[in-house]
Amino acid sequence: MNLLQNFNKAFESKARLGIMSVLMVNDELSFNNMKELLALTDGNLATHLRALEEANYISFKKEFIGRKPSTVYSVTDEGKKAFNEHLNELEKFIRGA
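Caption draft 1: Focus on unusual backbone geometry. Backbone geometry places Ala-39, a non-glycine residue, at a positive phi of 55°. Here Ala-39 is to be found in the loop between α2 (31-38) and α3 (42-54). Look at Asn-56: it is not a glycine, yet its phi comes out positive at around 65°. Inspection of the secondary structure puts Asn-56 in the loop between α3 and β2 (58-65). Here Asn-56 falls in the partly exposed class, since its relative accessible area comes to 38%.

Shown next as C-alpha cells:
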C-alpha cells in the first residue's frame, strides 16, 4: 500500500504548503506580504498562486490603496477542507512511520 496516496498533490511543493499555511492563519494577505513572508520571487509566487486558484483553493480580489493596485488573497472553504485533509493525512503518515 502506498502511504502517500492520500496526500494532495496541490500541496506537494514547499511554496504551496507555505502559501496555504499563511493564508489559513490570516483572513487575507496581499501579494507583497506573502512574498515577503515566504521569501519568494514575484514570478515564483504568482505561479503557485495561480495553481491554487485553478484548484479553487484560494481566491483573490484586486483593489486600490491610494493610487497603487493591490491584490489580496484568501482561502476558500474548499481550500480549507482540502488543506485540513492533507494535514490529517500527513499526521497519519508521521504517526504510522
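Caption draft 2: View of the packing of aromatic side chains. Considering all chains together, one arrives at 4 aromatic pairs under this definition. Between the aromatic rings of Phe-60 and Tyr-73, the centroid separation amounts to 6.0 Å while the plane-to-plane angle is 45°, which identifies the pairing as tilted. Remark: Tyr-73 occurs in strand β3 (residues 68-75) and Phe-60 occurs in strand β2; sequence separation between them is 13 residues. Overall, the relative accessible area of 41% leaves Phe-60 in the partly exposed class. Counting every residue linked through ring pairs, the aromatic cluster contains Phe-11, Tyr-57 and Phe-83.

Cut-offs applied
Residues numbered from 1 in each chain as written. Predicted model: local features only at pLDDT ≥ 70, side-chain atom pairs only at ≥ 80, totals over all residues. Heavy atoms only, no water. Helix = DSSP H or I, 4+ residues; strand = E, 2+ residues; numbered from the N terminus. Buried < 20%, exposed > 50% of the residue type's maximum accessible area, 1.4 Å probe, protein only. Phe/Tyr/Trp six-rings, centres within 6.5 Å; stacked < 30°, edge-to-face > 60°.

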